[in-house]
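So the chains spell out like this:
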Amino acid sequence: MKKTYDVAVFHGDGIGPEIMAPTLKILRQISDNNPSYNLVFTDAPAGASHYAKTGESFPPGSLETARNADAILLSAMGLPDVRYPDGTEISPQIDLRKRLGLFAGVRPVKVSNGQRTPLSLPDGKEIDFVLIRESTEGLFFTQGSGEVTEHEARETLLITREVSEKLFRFAFELAQNRKASGRGQGRVTCVDKANVFRAFAFFRSMFDAEAAHHPDLQADHAYVDATALWMVQKPWEFDVLVTENMFGDILSDLGAGLMGGLGLAPSADIGLNHAVFQPCHGSAPDIAGRDIANPFAMILSAAMMLEWLGLTHDHPELSSDGARLREAVEKVATNGHNLTRDLGGTAGTKDAAASVMEALRA
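Keep in mind that what you see is a predicted model, and the values were worked out from it rather than measured.

This part is about the overall build of the chain. Helix and strand counts for the chain come out as 11 helices and 12 strands. Taken against the 2.2 N^0.38 rule, which gives 21 Å for 362 residues, the C-alpha radius of gyration of the chain at 20 Å falls within 12% of a compact globule. Overall, the C-alpha framework of the chain stretches about 50 × 50 × 45 Å when taken along its three principal axes. Relative to its 362 residues, the chain shows a buried fraction of 53%. In the chain, the share of contacts with a sequence separation of at least 24, taken over all contacts with a separation of at least 6, comes to 75%. Accessible surface computed for the chain: about 15900 Å², of which carbon and sulfur atoms make up 51%. Mean positive and mean negative side-chain charge positions of the chain (34 and 47 charges, respectively) differ by 3 Å.

A separate point is the pairing of strand 1 (residues 3–10). Pairing of strand 1 with strand 2 (residues 37–43), which is carried by seven bridges, proceeds in the parallel orientation. Bridge pairing links Val7 to Phe41 in strand 2. Between strand 1 and its parallel partner strand 2, the chain crosses via helix 1 (residues 16–33), and the hand of that crossover is right-handed.

You can see Trp236 is positioned in the loop between helix 7 (224–233) and strand 10 (240–243). On the basis of relative accessible area, Trp236 is assigned to the partly exposed category, the value being 23%. Expressed as a C-alpha distance, the spacing of Trp236 and Pro122, which sit 114 residues apart in the sequence, is 9.8 Å. Residues in contact with Trp236, not counting those within four places in the same chain, are Leu121, Pro122, Lys125, Glu126 and Gln185.

Along the polypeptide, Leu241 turns up in strand 10. Once the C-alpha coordinates of Leu241 and Thr189 are considered, the two residues, 52 residues apart in sequence, prove to be 4.7 Å apart.

Next up on the list: the pattern of salt bridges. Scanning the entire structure with this criterion turns up 20 salt bridges. Here Asp269 makes a salt bridge to Arg107, at a shortest N to O gap of 3.7 Å. With Asp269 in strand 11 (residues 266–270) and Arg107 in strand 4 (residues 104–111), this residue pair connects regions lying 162 residues apart in the sequence. Of the charged contacts in the structure, one is a salt bridge between Arg324 and Asp321, with a shortest N-O distance of 3.3 Å. Note that Arg324 and Asp321 are positioned in helix 10 (residues 316–335) at a spacing of three residues, about one turn of the helix. Of the residues examined, Asp321 reaches a relative accessible area of 6% and is grouped as buried.

A few words on the sheet that holds strand 10. Backbone-to-backbone hydrogen bonds pair the strands of a sheet. The strands run either parallel or antiparallel. Strand order in the open sheet formed by 10 strands is 2-1-3-12-11-4-5-10-8-9, with mixed pairing between adjacent strands. Where the open sheet ends on each side, the last strands, each with one partner, are strand 2 and strand 9 (218–223). Between one strand axis and the next, the sheet turns by 25° as a mean value, whatever way the strands run. Here strand 3 (residues 71–74) pairs with strand 12 (residues 275–279) via two bridges, running parallel. Bridge assignment links Ile72 to a residue of strand 12, and that residue is Val276. Running over the sheet, helix 5 (residues 161–181) touches strand 4, strand 5 (127–134), strand 8 (187–192), strand 9, strand 10 and strand 11 and is turned about 165° from strand 5. Contacts from helix 7 reach strand 5, strand 8, strand 9 and strand 10, with the element oriented near 105° to strand 9.

This next bit is on unusual backbone geometry. Positive phi is not limited to glycine here, since Asp314 has a value of about 50°. Looking at where Asp314 falls in the secondary structure, it is placed in the loop between helix 9 (296–312) and helix 10. Its relative accessible area of 66% is what places Asp314 among the exposed residues. A positive phi angle, near 55°, is found at Asn338, a position not held by glycine. Considering the arrangement of structural elements, one finds Asn338 in the loop between helix 10 and helix 11 (349–361). Residue classification places Asn338 among the partly exposed positions, given a relative accessible area of 38%.

So, on to the nonpolar core. In this structure, Leu27, Leu73 and Leu325 are the most contacted members of the largest nonpolar core, which totals 86 residues. In terms of residue count, helix 9 provides more of this core than any other element does, 11 residues in total. Setting aside residues no more than four positions away along its own chain, Leu73 makes contact with Val7, Ala8, Val9, Phe10, Met20, Thr23, Leu24, Leu27, Phe277, Met298, Ala302 and Met305.

Definitions and cut-offs
- Residues numbered from 1 in each chain as written.
- Predicted model: local features only at pLDDT ≥ 70, side-chain atom pairs only at ≥ 80, totals over all residues.
- Heavy atoms only, no water.
- Helix = DSSP H or I, 4+ residues; strand = E, 2+ residues; numbered from the N terminus.
- Rg over C-alpha atoms; globule rule 2.2 N^0.38 Å.
- Buried < 20%, exposed > 50% of the residue type's maximum accessible area, 1.4 Å probe, protein only.
- Contact = heavy atoms within 4.5 Å.
- Areas by Shrake-Rupley, 256 points an atom, 1.4 Å probe, with all protein chains shown as cover.
- Lys, Arg positive; Asp, Glu negative; His and termini not counted.
- Charge placed at Lys NZ, Arg CZ, Asp CG, Glu CD.
- Pairing = 2+ DSSP bridges.
- Right-handed = clockwise from strand over helix to strand, strands pointing away.
- Salt bridge = Lys/Arg side-chain N within 4 Å of Asp/Glu carboxyl O.
- Axes fitted to C-alpha atoms, helices over the stretch in contact; angles between N-to-C directions.
- Core = buried A, V, L, I, M, F, W, Y, C linked by side-chain atoms within 4.5 Å.

Encoded structure:
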């Protein structure tokens, strides 16, 4: 008997609906071909376009749809010319992180042999690490409520024991799982600025406390500025990195650059009971409706969703399908055919997604 999983779908703004549509088509085909599970998708309206039409950016009903789902699939959100009266962007994805307690922002960085990259990798070297960004506090804590006067502006960085301890447990568990699957070396690096800020010394102390519970894993530290340097000089040495919200926001884009751009950068925001999966890139309204957007990051985010559902529900067939989907995208990105313009090709959105479907069947 098939087990049913409910997925809340936020179609997004700009190119969001264009990259979500082929992703859902792929997921439906995968689900239809697997006798052990079924995916049911429920639309959840939200975002800048919805705000422009209705004056509401995140309807309560959409939050409830997300809260009741087994997983949340969210496309690119936001439009530069549609903002709240205070000038801030409309970002339902950040609202979801805070309201659902999605403390772990997971940003995989993977470059296989033969894949185009701005770096010149030494022979035999591949890049395969995961950046974990705390997603609910840090320097984003006072988002939308910072203090601004005529002569100065202030934002508050917050690091709490409650969230940090959960974050570090998650990081070490991920490193353990990667090591067991043969994808990682079992190493966790705490990225901070503990030499300057007491808040980050506090952050590091909790990392060290968690590391003591995992003697079978390596644990080390790196300052954020040095990490940015090493991500360019020797990224193949990293396995799992864990850091504060703003540092993670910046380093994740650097990681996307290593892969050739945001078009190959998936992400997940994960809590104890809920998880959102979305591409790292923006809504690119300047190319919306032209069938030239790259769907790979959206499809890779869907693959992460399947793997997470399989892991959290002890459903190996789901995890296996997620891995197959991820490998299909990696195969297409590596062989150089049917790539979109941002990756140096000429393929359109539909053709690029179709090539993933073909790779799945191979």
